[in-house]
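What follows is the residue order along each chain.
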Amino acid sequence: MSPPFEDTLRLLDTWYNEPSIGNDRPKLISKLALLELCGWIEVTFDELIYKVDKLTINDTDWVSENLIKKTNGFTYNLHLRPMIVKLIGEVLARRVEQLMEEKYAGELDRMKSILGSLWDKRCSFAHANMAVNIIAQTKFDAPSWSSNQHRVLKKLFEKYELSLNETLSDL
């Protein structure tokens, strides 16, 4: 069994901080940490969708085939929200967003912004090799930065899930 996600980021941060010859190793480790974070986000989205499935239509096969497998990415507006809308409809999706805004003002926009920025970074890293990243003067954040993004997003996802659960409990 693989180590928990947080352990993986800690290990990458340890490797990042070890002395190395040249700058390639830290940059490669930085890329890997970001890609690990992005993978965690996608898994978290999938888990959230399966939780909503259990509360609503309870058809895991359909959800897997028609939502999870057909969604590749992790922005809010292009990836998570469309899956939510397909499960609970536009009206309830808007209620979730309104409730989150009422209870946690500004946090939905913050989540959208972080996810959008991470998506852009991920695409920059995933669709170019190291030489192209360096030529483009891409910023390579330390794995500790990815760990911090994880902590922030984890709290935001919890608030979103609470808003989602509260909205669905009113049905």
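Here's what I pulled together on the structure shown here. (Residues numbered from 1 in each chain as written. Predicted model: local features only at pLDDT ≥ 70, side-chain atom pairs only at ≥ 80, totals over all residues. Heavy atoms only, no water.)

Observations concerning the side chain of His150
Relative to the assigned elements, His150 resides in helix α7 (residues 143-169). Among the residues examined, His150 registers a relative accessible area of 4% and is labelled buried. (Helix = DSSP H or I, 4+ residues; strand = E, 2+ residues; numbered from the N terminus. Buried < 20%, exposed > 50% of the residue type's maximum accessible area, 1.4 Å probe, protein only.)

Considerations on the layout of surface pockets
Taken as a whole, the largest pocket holds about 200 Å³ of empty space. Every residue along the wall of the largest pocket is listed here: Trp40, Thr44, Phe45, Glu47, Leu48, Lys51, Leu80, Lys154, Phe157, Glu158, Tyr160 and Glu161. Those elements giving two or more residues to the lining of the largest pocket turn out to be α2 (24-55) and α7. Ranked by the residues each element gives to the lining of the largest pocket, the list is headed by α2, at 6 residues. (1 Å grid on protein atoms, 1.4 Å probe; cavity = no way out; pocket = protein on both sides within 12 Å on 5 of 7 lines; lining within 4 Å. Points joined across faces, edges and corners; volume = space filled by probe spheres on them.)

Focus: helix α5 (residues 107-126)
The periodicity of an α-helix, 3.6 residues per turn, causes residues three or four positions apart to be oriented the same way. Taking 1.5 Å per residue, 20 residues should reach 28 Å; α5 reaches 28 Å between its end C-alpha atoms and fits that length. All of the buried residues along α5 are Glu107, Leu108, Met111, Ile114, Leu115, Leu118, Trp119 and Phe125. End-on, the buried residues of α5 take up no more than an arc of 140°, which puts them together on one face. (Expected span 1.5 Å × (residues − 1). Arc of directions from axis to C-beta.)

Focus: helix α1 (residues 5-17)
In a regular helix each residue adds 1.5 Å, so 13 residues correspond to 18 Å; α1 covers 19 Å between its end C-alpha atoms and thus fits that length. All buried positions along α1 are accounted for by Phe5, Thr8, Leu9 and Leu12. Taken around the axis of α1, the buried residues stretch over an arc of 95°, which confines them to a single face. In this structure, α1 carries Arg10 and Asn17 as exposed residues pointing more than 90 degrees from its buried face. Close packing links the buried residues of α1 with α2 and α7. (Contact = heavy atoms within 4.5 Å.)

A few points about the nonpolar core
Among the nonpolar cores identified, the biggest contains 45 residues, and Ile41, Leu153 and Tyr160 are the most heavily contacted of them. A per-element tally of this core places α2 first, with 11 residues. Leaving out residues up to four positions away in the same chain, Leu153 has contacts with Trp40, Ile41, Met111, Ile114, Leu115 and Leu118. (Core = buried A, V, L, I, M, F, W, Y, C linked by side-chain atoms within 4.5 Å.)

Looking at the environment of Val96
Looking at where Val96 falls in the secondary structure, it is placed in helix α4 (residues 76-103). Distance in space between the C-alpha atoms of Val96 and Phe74 is 18 Å, their sequence separation being 22 residues. In this view, Val96 contacts Ile88, Tyr160, Ser163, Leu164 and Thr167; residues no more than four positions away in its chain are not counted.

Observations concerning unusual backbone geometry
Its identity as a non-glycine residue notwithstanding, Asn58 has a phi of 50°, on the positive side. Locating Asn58 in the fold gives a position in the loop between α2 and α3 (60-68).

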